[in-house]
Amino acid sequence: MATRYLYLTRHGEASADGTALTEGGRRQAVLLGERLRGAPLSAIYHGPLPRAEHTARLIGEQLDGVPLHSSEPAGDYVPHLPQKRELPPDSAGLLLDFLARLPADDRERGPALAREALAEFTGPVEGGRPRHELVVTHNFLIGWLVRAAHDAPEWRWMGLNHGNAALTVIRYAPGRPSSVLLYNDMRHLPAELCWTGFPPELRI
């Protein structure tokens, strides 16, 4: 078995209806692609929604022949629906209200897709060489995978926020616990393109 390096990014800043990238979102994707030129990526996976596909394509255009693959488990969905007893008593009501406002389809199909994502994207890989892969996805799945890397409770994907086109890297080495090497790193973005995807009160 060999080490897997999983690179994660949220799609670039999207239009209000989520169907396209803004001009800033396109620039974010290009800048992330330029940053990743030095990484030995073997594949780019992206969710099926246009904002993720467009981001992945722009990143790929900055690289040298890295193949793109559409992946439903890399999509936008609710990865885990907690019961009230799983949640901290002082915030359970708020968290459950938030989940109830999300689309029913995202809630119903999400847990099965989240299990597929864990099986497809995490853990050491077969063979004698390390593997570096990028997944262009959405906020919820990044939170889910980071939570899993830390063996945190399943509900704890909530509360992890990720900026558009920021970079997270998780290492899965044989015989060692998984480790988060980078989280929400925006050093490739100019100040005006940082912290998009966050509500105003969370922008730093």
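We now turn to the structure provided with this report. (Residues numbered from 1 in each chain as written. Predicted model: local features only at pLDDT ≥ 70, side-chain atom pairs only at ≥ 80, totals over all residues. Heavy atoms only, no water.)

This part covers the overall build of the protein. Within the protein one finds 5 helices and 6 strands. In the protein, the succession of α and β elements from N to C terminus is β-α-β-α-β-α-α-β-α-β-β. Against the 2.2 N^0.38 benchmark of 17 Å for 204 residues, the protein shows a C-alpha radius of gyration of 17 Å, consistent with a compact globule. Projecting the C-alpha coordinates of the protein onto the three principal axes gives extents of approximately 50 × 45 × 30 Å. Classification of the 204 residues of the protein by burial places 50% in the buried group. Residue pairs in contact within the protein that sit at least 24 positions apart in sequence constitute 73% of those at least 6 positions apart. (Helix = DSSP H or I, 4+ residues; strand = E, 2+ residues; numbered from the N terminus. Rg over C-alpha atoms; globule rule 2.2 N^0.38 Å. Buried < 20%, exposed > 50% of the residue type's maximum accessible area, 1.4 Å probe, protein only. Contact = heavy atoms within 4.5 Å.)

Time to look at the pattern of salt bridges. Inspection of every chain in the model, using the stated rule, returns 11 salt bridges. Of the charged contacts in the structure, one is a salt bridge between D76 and R51, with a shortest N-O distance of 3.1 Å. Highlighted residues: D76 in the loop between β3 (68-70) and α3 (92-100) and R51 in helix α2 (residues 50-61), separated in sequence by 25 residues. Measuring nitrogen to oxygen at the nearest pair gives 3.0 Å for the salt bridge that ties D105 to R109. With D105 and R109 both in helix α4 (residues 104-121) and 4 residues apart, the pair spans about one turn of that helix. Connected through shared salt-bridge partners, E72, D105, D106 and R109 make up one network. (Salt bridge = Lys/Arg side-chain N within 4 Å of Asp/Glu carboxyl O.)

The subject of this paragraph is the pairing of strand β1 (residues 4-10). Along β1, 6 of the 7 residues are buried, which leaves the element largely enclosed by surrounding structure. As defined by bridge partners, β1 adjoins strand β4 (residues 131-137) across 7 bridges and the pair is classed as parallel. The partner of R10 across the bridge, within β4, is T137. Pairing analysis gives 5 bridges linking β1 to strand β5 (residues 167-172), with the strands arranged antiparallel. Counterpart to L8 in the pairing with β5 is T168. (Pairing = 2+ DSSP bridges.)

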